[in-house]
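Listed below, chain by chain, are the residues.
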Amino acid sequence: MDDRVHPEVRRTATEIDTMEIRGAATIADAAARALRTQATESDAADAEAFRAELRAAARALYETRPTAVSLPNALRYVLRGMSSTTVEGLRQNVVESADEFCARLERAQADLGEVGANRLRDGDTIMTHCHSTDALACVEAAVEQGKHIEAVVKETRPRNQGHITAKRLDELGVPVTLIVDSAARRYLNDVDHVLVGADAVAADGSVVNKIGTSGLAVNARDRGTPIMVAAQTLKLHPGTMTGHTVDIEMRDTAEVVDDETLVELGNPTVQNPAFDVTPPRYVDAIVTERGQFPPESIVTLMRELFGEGTSEPWAEPSARAEP
Ligand SMILES: O=C(COP(=O)(O)O)[C@H](O)[C@H](O)COP(=O)(O)O
């Protein structure tokens, strides 16, 4: 890693990489805070050195996990604020942008929750996959509206993020039934909605989320269970408007099977994709802080928010298309 990257930023990058910090919104929040630290602690001699240092920090954070677009979107948001020509001015720019970003993220999630809660009726049961703070915001708002909600929670192998969801729902007073992933179809008849989050939403309305989401969505459609994706606009992937595809992270196979067992099994090839892509035809609604959208119309919102596209967050300003 680049020497100019502050130890706190390195630590955040490592924690994102090892998934101590995980989930698209939480990763974005941590990345913005890390850039803030880089700025406040910087002893750069001049404005040019300061900018280069911040870009190096952004790159270190970006290179941790490739799929959640909230990460480059967060880095871009913070770096874009650097308009001053002095070190002190730039420091102030970054602090203000990072604080504004984190506040907006929190507000967007709360607003999204209100929109999503309107889709949930008193007495409904949801099925969840993985752990999504955007999805949980919808349940939280519904509970605050006095609705009784129950949940069937998929454990979400190999990392069992369903356990985090179960705990959080319990804290909200939502009764939980925990199931293994392969039992999902069996329980789809008992639920009123599938409710998941997103790491990225593409311009055609495809939803990139935890591996297993697409199979769940296909089964849900077959059973007639509506599938709702809670994704604040931070999850919209600007690059997909200009034809880029979303990179699906392949994680360490040790998450699936330990070395000893692997040898016992005769050393089979193991694959561990972390995410998959659900085509728009399997999604009923994408719930954002700007309202809910059928997946096919999300591109209109993307154009409004991003213009026609953006480049890497650490690019020189002259090489960037300003949104
Ligand atoms: O797929 C995951 C997390 O994957 P991982 O555990 O591999 O990071 C979540 O559904 C999305 O990131 C949305 O989360 P949020 O709504 O909190 O942004």
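The name given to the protein in an unreviewed UniProt entry is Ribose 1,5-bisphosphate isomerase, and the organism recorded there is Haloferax denitrificans ATCC 35960. In UniProt, the protein has this text filed under Catalytic activity (unreviewed entry): "alpha-D-ribose 1,5-bisphosphate = D-ribulose 1,5-bisphosphate".

Asker: Break down the overall build of the protein for me, with residues and values.
Answerer: Looking only at helices and strands, the protein features eleven helices and ten strands. Here the C-alpha atoms of the protein give a radius of gyration of 20 Å, agreeing with the 20 Å that 2.2 N^0.38 yields for 323 residues. Taking the principal axes of the C-alpha coordinates as reference, the protein spans close to 65 × 50 × 40 Å. The proportion of buried residues among the 323 residues of the protein is 56%. Long-range contacts, defined here as pairs at least 24 residues apart, represent 77% of the contacts in the protein between residues at least 6 apart. Per element, the accessible surface of the protein, about 14200 Å² overall, is 46% carbon and sulfur. Looking at the protein, you have 34 positive and 52 negative side-chain charges, and the mean spots of the two groups are 3 Å apart.

Asker: Kindly report on the site of the ligand, identifying the contributing residues and their values.
Answerer: In the neighbourhood of the ligand, 18 residues make up the surrounding shell, with Arg22, Ser132, Thr133, Asn209 and Lys210 lying closest. Here an oxygen atom of the ligand and a side-chain polar atom of Ser132 are 2.7 Å apart. Between the ligand and Asp199, the relevant distance is 2.8 Å, taken from an oxygen atom to a side-chain nitrogen or oxygen of the residue. In isolation the ligand exposes 460 Å². Once the protein is present, 100% of that is buried. For the shell around the ligand, the secondary structure elements donating two or more residues are helix H2 (24-41), helix H6 (133-144) and strand E6 (207-210). Taken together, the residues that form the shell around the ligand break down as six nonpolar, six polar and six charged.

Asker: Hey, could you go over the pattern of salt bridges for me, with residue numbers and the actual values?
Answerer: According to the stated counting rule, one finds 20 salt bridges in the structure shown. Where Glu63 meets Arg59, a salt bridge forms, and the shortest distance between an N and an O atom there is 3.6 Å. Since its relative accessible area comes to 55%, Glu63 is described here as exposed. By relative accessible area, which is 37% here, Arg59 ends up partly exposed. Between Asp284 and Arg221 there is a salt bridge; the shortest N-O distance is 3.2 Å. One end of the pair, Asp284, is in the loop between strand E8 (275-278) and strand E9 (285-288); the other, Arg221, is in helix H9 (residues 213-223), with 63 residues separating them in the sequence. The exposure class of Asp284 is partly exposed, given its relative accessible area of 33%.

Asker: Report on the packing of H6 against helix H7 (residues 161-171), specifying residues and quantitative values.
Answerer: For the pair H6 and H7, interaxial distance at closest approach is 11 Å and the crossing angle is 20 degrees. In this view, H6 runs roughly parallel relative to H7, as classed from their interaxial angle. Read as a crossing pair, H6 and H7 show a hand that is right-handed. Along the contact surface, H6 presents Leu136, Val139 and Glu140, while H7 presents Thr165, Arg168 and Leu169. Its residues assigned to classes, the contact of H6 with H7 shows three nonpolar, one polar and two charged.

Asker: I'd like a description of the side chain of His6, backed by residues and values.
Answerer: By the element assignment, His6 lies in the segment before helix H1 (7-17). The buried category is assigned to His6, whose relative accessible area is 18%.

Asker: Tell me what's going on with the UniProt feature "active site" (unreviewed entry) in the protein, and back it up with residues and numbers.
Answerer: In the numbering used here, UniProt assigns the feature "active site" (unreviewed entry) to Cys130 and Asp199. These annotated residues cover 70 residues of sequence, and their C-alpha atoms lie no more than 11.4 Å from one another, placing them together at a single site. Locating Cys130 in the fold gives a position in the loop between strand E1 (125-128) and H6. Apart from the residues within four sequence positions on either side, Cys130 is in contact with Arg22, Thr156, Gln161, Gly162, Thr165 and Lys210. Within the secondary structure layout, Asp199 lies in the loop between strand E4 (193-196) and strand E5 (200-201). For Asp199, the contacting residues outside a window of four places in its chain are Ala24, Thr67, Ala68, Val69, Ser70, Val208, Asn209, Lys210, Lys235 and Phe275.

Asker: Give a detailed account of the sheet that holds E1, specifying residues and quantitative values.
Answerer: The strands making up a sheet are joined through hydrogen bonds of the backbone, oriented either antiparallel or parallel. Spatially, E3-E2-E1-E4-E7-E9-E10 is the arrangement adopted by the seven strands of the open sheet, whose pairing is mixed. The outermost strands of the open sheet, each flanked by one partner alone, are strand E3 (176-179) and strand E10 (291-293). The average angle at which neighbouring strand axes cross in this sheet is 25 degrees, direction not considered. Relative to E9, strand E7 (residues 227-230) runs parallel, the two being bridged by three bridges. Bridge pairing links Met228 to Ala285 in E9. Packed on one face of the sheet, helix H5 (residues 87-117) meets E7, E9 and E10 and runs near 140 degrees to E9.

Calculation notes
- Residues numbered from 1 in each chain as written.
- Predicted model: local features only at pLDDT ≥ 70, side-chain atom pairs only at ≥ 80, totals over all residues.
- Heavy atoms only, no water.
- UniProt positions renumbered as here; feature names shortened; annotations may be inferred.
- Helix = DSSP H or I, 4+ residues; strand = E, 2+ residues; numbered from the N terminus.
- Rg over C-alpha atoms; globule rule 2.2 N^0.38 Å.
- Buried < 20%, exposed > 50% of the residue type's maximum accessible area, 1.4 Å probe, protein only.
- Contact = heavy atoms within 4.5 Å.
- Areas by Shrake-Rupley, 256 points an atom, 1.4 Å probe, with all protein chains shown as cover.
- Lys, Arg positive; Asp, Glu negative; His and termini not counted.
- Charge placed at Lys NZ, Arg CZ, Asp CG, Glu CD.
- Near = heavy atom within 4 Å.
- Polar contact = N/O pair within 3.5 Å; in protein donor to acceptor, adjacent residues only side chain to side chain.
- Nonpolar A, V, L, I, M, F, W, Y, C, P; charged D, E, K, R; others polar.
- Salt bridge = Lys/Arg side-chain N within 4 Å of Asp/Glu carboxyl O.
- Axes fitted to C-alpha atoms, helices over the stretch in contact; angles between N-to-C directions.
- Parallel < 35°, antiparallel > 145°, perpendicular 65-115°, else oblique.
- Left-handed = near helix turned anticlockwise from the far one by under 90°.
- Pairing = 2+ DSSP bridges.

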